[in-house]
Structure formats: C-alpha cells, structure tokens
Amino acid sequence: VVKRFHQAVVACSPAIIVIVATFLVPIVKLLSGSFGVGDAKEGLTLGYFRDVLTGSQLDHLLVSLRISVSVLAICISIGTPYGWMMSRTRGARRGAMLGILLLPILSSEIVIATGWLIMLGRNGVINDLLAALRITKEPIDMLYTPAALIAGLSALLVPFVALPTSTAFAGIDSNIYRAAASLGAARTRMAVSITLPLIRGALLSGASIVYALCMSAYAIPTILGGGRVFTMPVDIYSKYLVLYDPMVGGALSVILLIAVAVPLALFSRGGTTGTLAGYITKPKGQ
Amino acid sequence: MSYHSVEAARQRRNNDQSPTVTERGRSPRRERSNWATLARLAISVAIWLQRAAILLVGFAVALMLIGPLIVVIGASMTETAYAVFPPQGLTWHWYAMAIRDSDYYGPGLLSFGISIVSAAIDTTIAISLGLGLEVVTRRRISVKRHHGIFISTVRVLALSPVMFPRIVTAVALLTVFISLGLDGSVVSILVAHIILIFPFIFVLVEAGLANAPDHMRRSAESLGASATKTFWHITLPLARTGIGAAFAIGFVISIGEVTVDVFLQGPNTVTLPVYLFNAVNDSPLTSDLSAASGIIAVGTVGLMLAAAISLAVLRRSSKTG
C-alpha cells in the first residue's frame, strides 16, 4: 500500500500529530509549569515542590505508598496461586476462571466500588456475617478506612498478577522438574530454583502494573475513602479543583509521576510496553 | 506447588521401586513397609492440604472478583429504598424507575457518542500508523539507520498515554484546556478519550494487520490493483478481526473511564460514569442508583458472553472452512 519511507511517514503522521499535540505538549507543559517555567511572577523556582513536600501532602504520599504496598502484597499472594490453578485447568473451567478475571477489567470501576460500598457498610454483608459467626458483637466501621481501599483495589487489580503468572506457569516444561527430581532436588529447592526464576518476569511485570495503577487510582479511593482517607490522587483533585491551586496540583502530580516511575524503572528492566501488549492481546489469543 | 510435589512423589516412588524389584528383592522392603506407608501417608496428606489451600485461595479470589457485581445486582432488587444486600423482597421496580428516569439519558447518550467517535477516530489513525510502521520495518535492513530510530520513537510515542498515570494526564489536559478556554466542552472530553484509548487500539490493530501478510498485498499489486483497491479488498478483510477487537476494546475502555472525565466535567459534559460517581459520592446509596449500576454490570457480562460466543463461533468456522 505504502511504498517509500516518506510515504510511510505521511501514513504515520496523523497519529503522531494527535499524540504530540494533545498528549505530549500538555505533559511537557505540566512538568515545566511545576518548575515555574512561563510563570511571570515567580520565574524558575522549586518553591512549589518545597511547599508540597513540607506540608501535610507528605502524609498523603505515605498513605498512598502504604496502601499500594499492601495491595501489591495481597495481589501477589492470592493472584499467583490463582494463576497456578488456571494454568493446570483446561476446557470450560479454564474459560470460567479467565472470565472471572476479565470481569473487573471490563466492568466500570464505579460498579465495583458501589458493590464494595454496599458490602462494607455497618449493615453490610460482611458485618452481618461476622455477627452471625459470633466473631464480633458490634458492627465494625470498615467503610472510609484504608482497609476498605485496600480491599476494593486488590479485587480490581488481582487479574493483572493472575493473568501473566498463569501463562508463565503454563509455559514451564514439566521435564525440568523430572530432571531436578532425578538429581535429588527437594520440593522446596525446586520451587526456589526452578519455578521462581521462571515466573519472575511475569511476577515483576504484573507487580509493576498493579503498583502503577494503585498509586494513581482515583475513583475507588474517592468512593471508598469518603473524604476521610486522602491518597495522592484524591489530594491532587482537591488541590486542583476544590481549592483551585493549579501550581500545587501540578507539583503534586509531578511527585506522583516520580513515585510511580522510579520503582517501575527498578522493577522491570525489560520495559513495561512489551508486557502491556502481552496482556492486552493474550485473552484474544488464548 | 502441589504439582511439583506430585511429580516429586511419583519420581521418588519410581526411584524406590525399580531397584527394589531388580536388585534388592522384596523381603528387605517388607520390613520397612510400616514406616514407608506412614511416610507416604504423610506426603499425601501434605499434598492434599496444599491442594485444599490453593483451592481455597482460588475460591476466595473468585468471590472477591464476582462478589461486588453480585451484590450490586442483588441490592438493586430490594424492596427498600436504600440499597441493601441480601435484598429484602424482590422487585424490578428500581430498574423500571432507572429506565424511566430521564436524568440518565443525557449522560448515557453523551458517553455512548464520545466512545463511538473516539474509538472510530483512533481505529482509523491506528490503521494508518500500523501500515506506515510496517513498511518501514520491512525495509529497515536495506535502508538507513534513522528508520530504526523512527520506528522505536513512534512506538514509544504511541504507547506513552498508557504509561502515564491517568490522573497526571487529566491534570495536564485540564491545564491546557483551561488556557485554551475549552474547559467544560464536549471537545475536551473527546480529545481526552482519543488519547487515553489509543495505545490499546494501536496494539490490537497492529496484531490484526499482522494477519494480512505482505506477500498477499504485493501479489495483488503485481496483478495491477491500485493501492486503495488493495487496501479495501485485501488488507482490510484479512485484518478485520483484529480491527474489530480493537474498536470494541477501545469502546469498552472509553465508556468506563471515570478519572479523566471527573476532572474535565462541566455542566454540559457529565458522562454516565461521572454521573454515577457524583451520585454515589454526594448522597446515600439509593436502590435506583444500584439498579443503574446493575444495568451496567449486566451489560458488561452480556457483552463479554456475546464476545466469547462469537469468538468461539468464529474459531469453529475458521477451523472447518
């Protein structure tokens, strides 16, 4: 269809123009704006960052980090066994397990948040259940606490660990275990020296996606936090649109960007784009 | 992990038995058989426990993922005015009310329109980009080095919107829209959606275009077909599954988007997720709200089932045909 290099460039140009004009330019503007570029009054300054990092916003960053690390731990500890189960299942049951994983990805965050809102309330199912089992006497206030956020976010993000690990488990050649057993390896040794290295890539890529999405989640923390739990994104919204302080909002989003990007860079040397392409196309290809 | 243990146990048994029969004979083994059975029993109990634990985790995950959806749908059928689960009594009243309630129609139509238009625009420019990149990729070896740089740069650029946290994108876009005086306009939301879903659409379109091999296109052209004719008669029909999937996924992601829409919302640009988001945040949870969420949940499940069935049918027909 297209033959020469310059023709190819012409074919690529609509997409390039759209992304540069409507994505790259705003991002660059935001980054430079938070350093005071183009600001007539202040000029070049790190003042916004100083304001942000010395105030109460530092606490919000820590809340975000704590919640994200907890969600990450939960997602890995329950997503990996699920992925293992899925890799050992065939046929309709496998389809059902895959469908269960795809449900939260495809359904709106709002619906899931509403579900947790109904479940976690003082008269919700979970409190009813705890009371019926005689574990608690009085209903516990679970809503609008960090625990509620952790529950809601974990349920939303487990698939991003379970999907890649299940393909990694399925890809392990069982002959390796036979070979290891014939060499006298114990089961724990096999888990540590065979299974773990072979699913490491999938675990890391899943973990980095969970971490990134968790740090920047907005809708679920707002609904389940109910204005009492402030994570970074909730804080950015209130600074930017409620208090209308765009410069501080901009500086906060730059800090969020750094808080997401640095662990990601440490996590995955292979780059996240490949894994992203992997998990988008995988459901279709299976 | 229990798979390893099964393998290991089987292996151990094989290792035990083969020398027993051939070299040591049967009698020495009989003497130790009590301990051996006990050990084997312990191993099988351990395996069984591990299996039970993993099964339990599996069920817990399934419950955690489906639970909220079941609760939303269940709570929307309660006879009480506030959403409660398990529902008290069963009624379709709230669904009728949600459907009759014209408040949902404006946001719903807006969401639908924006998602269709943004997915269509993205699919079009993604096809163009995919074809362009493919040509450069194919000829890279024979031509210059800057072609390779061009490809990797464009690729990173195309996937970049998904690498940035949505909230950062939202803040950046809002700042620019305010300075352009476009904040609160439909255009601003449309542009945001075009940006957000582009990486997903691009990845799937590219996978689809890989289904239209270059040699087919070249043979069409060598038979005298024009470039446009080749595109409409060869490339597009061969790549249509991938392109269709790209459009569908883009549409689904766009129509469920909350974060960016919340930032960009104006009085006339409240999309359906934002409408529900505001309603859930501002007031106690009423049953008709739960019903509206329930409609979305059922719609998602239905869409997924339809996609799975059509995919299965497609696969079967491609096998027989």
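Keep in mind it's a predicted model, so treat the numbers as computed, not measured.

Caption draft 1: Spatial organisation of the overall build of chain A. For chain A, the helix and strand inventory stands at 14 helices and zero strands. The linear arrangement of helices and strands in chain A, starting from the amino end, is α-α-α-α-α-α-α-α-α-α-α-α-α-α. Here the C-alpha coordinates of chain A stretch approximately 75 × 75 × 40 Å along the principal axes. In chain A, buried positions account for 52% of the 286 residues. Contacts in chain A between residues far apart in sequence, at least 24 positions, make up 70% of those at least 6 positions apart. Of the roughly 12900 Å² of accessible surface on chain A, 65% is carried by carbon and sulfur atoms. Measuring between centres, the 22 positive side-chain charges of chain A sit 19 Å from its 11 negative side-chain charges.

Caption draft 2: A look at the overall build of chain B. From N to C terminus, chain B includes 13 helices and zero strands. Order of helices (α) and strands (β) in chain B, N terminus to C terminus: α-α-α-α-α-α-α-α-α-α-α-α-α. Per-residue burial over chain B gives 44% buried out of 321 residues. Counted over contacts in chain B with a minimum sequence separation of 6, partners at least 24 positions apart contribute 70%. Accessible area for chain B stands at about 16200 Å²; split by element, carbon and sulfur atoms hold 68% of it.

Caption draft 3: Representation of the interface of chain A and chain B in the model. Each partner contributes residues to the interface: chain A has 83 residues there, and chain B has 94 residues. The interface formed by chain A and chain B contains zero salt bridges. Broken down by element, the residue count for the side of chain A that touches chain B peaks at 18 residues, all from helix α1 (residues 5-34) of chain A.

Caption draft 4: Representation of the packing of aromatic side chains in the model. Scanning all chains against the criterion turns up 10 aromatic pairs over all chains. With 6.0 Å between their ring centres and 10° between their planes, Phe198 of chain B and Phe202 of chain B make a pair best called stacked. Of the two residues, Phe198 of chain B and Phe202 of chain B both sit in helix α8 (residues 186-209), four residues apart, roughly one turn of that helix. Aromatic rings pair up to connect Tyr218 and Tyr237 of chain A together with Phe263 and Phe277 of chain B into one cluster.

Caption draft 5: Representation of the side chain of Ser254 of chain B. Residues and elements named next belong to chain B. Structurally, Ser254 can be placed in helix α10 (residues 227-256). In this structure the side chain of Ser254 is engaged in a polar contact, spanning 2.7 Å, whose partner is the side chain of His193. Here Ser254 is in contact with Ser115, Ser118, His193 and Ile197, once residues within four sequence places are set aside.

Caption draft 6: Highlighting the packing of helix α10 (residues 187-215) of chain A against helix α13 (residues 246-267) of chain A. Residues and elements named next belong to chain A. Between α10 and α13, the least distance of the axes is 10 Å, while the angle of their chain directions is 175°. Judged by the angle between their axes, α10 and α13 are roughly antiparallel. Contacts between α10 and α13 involve Leu204, Ala207, Ser208, Tyr211, Ala212 and Met215 from the former and Leu256, Ala259, Val260, Pro263, Leu264 and Phe267 from the latter. Here the contact of α10 with α13 is built from residues that sort into 11 nonpolar, one polar and no charged.

Caption draft 7: Looking closely at the pattern of salt bridges. Here the structure, examined in full by the defined rule, presents four salt bridges over all chains. Two residues, Arg122 of chain A and Asp141 of chain A, come together in a salt bridge whose shortest N-O distance is 2.8 Å. Within this pair, whereas Arg122 of chain A is found in the loop between α5 (109-120) and α6 (125-132), its partner Asp141 of chain A is found in the loop between α6 and α7 (146-157), the two being separated by 19 residues in sequence. Glu257 of chain B is the partner of Arg166 of chain B in a salt bridge, and the nearest nitrogen-oxygen pair spans 2.2 Å. With Arg166 of chain B in helix α7 (residues 166-180) and Glu257 of chain B in the loop between α10 and α11 (259-264), the pair connects residues that are 91 residues apart, well separated along the chain. Overall, Arg166 of chain B belongs to the partly exposed group, its relative accessible area being 26%.

Caption draft 8: Region of interest: the nonpolar core. Grouped together as the largest cluster of nonpolar side chains are 165 residues, with contacts concentrated most on Val71 of chain A together with Leu129 and Phe198 of chain B. The contact partners of Leu129 of chain B, leaving out residues within four places of it in the chain, are Ala11, Cys12 and Ala15 of chain A together with Val154, Ala158, Phe198 and Phe202 of chain B.

Caption draft 9: Here's a closer look at the confidence of the model for chain B. All names here are of chain B. Counting all residues, the mean pLDDT for chain B is 81, and 85% of those residues have values of 70 or more. Taken together, the stretch residues 17-26 has pLDDT below 50 and engages in six contacts with residues farther than four places along the chain or on a different chain. Listed scores for the predicted complex are pTM 0.80 and ipTM 0.81.

Reading the values: the criteria
Residues numbered from 1 in each chain as written. Chains lettered and ligands numbered in written order. Predicted model: local features only at pLDDT ≥ 70, side-chain atom pairs only at ≥ 80, totals over all residues. Heavy atoms only, no water. Helix = DSSP H or I, 4+ residues; strand = E, 2+ residues; numbered from the N terminus. Buried < 20%, exposed > 50% of the residue type's maximum accessible area, 1.4 Å probe, protein only. Contact = heavy atoms within 4.5 Å. Areas by Shrake-Rupley, 256 points an atom, 1.4 Å probe, with all protein chains shown as cover. Lys, Arg positive; Asp, Glu negative; His and termini not counted. Charge placed at Lys NZ, Arg CZ, Asp CG, Glu CD. Salt bridge = Lys/Arg side-chain N within 4 Å of Asp/Glu carboxyl O. Phe/Tyr/Trp six-rings, centres within 6.5 Å; stacked < 30°, edge-to-face > 60°. Polar contact = N/O pair within 3.5 Å; in protein donor to acceptor, adjacent residues only side chain to side chain. Axes fitted to C-alpha atoms, helices over the stretch in contact; angles between N-to-C directions. Parallel < 35°, antiparallel > 145°, perpendicular 65-115°, else oblique. Nonpolar A, V, L, I, M, F, W, Y, C, P; charged D, E, K, R; others polar. Core = buried A, V, L, I, M, F, W, Y, C linked by side-chain atoms within 4.5 Å. pLDDT = per-residue confidence, 0-100.

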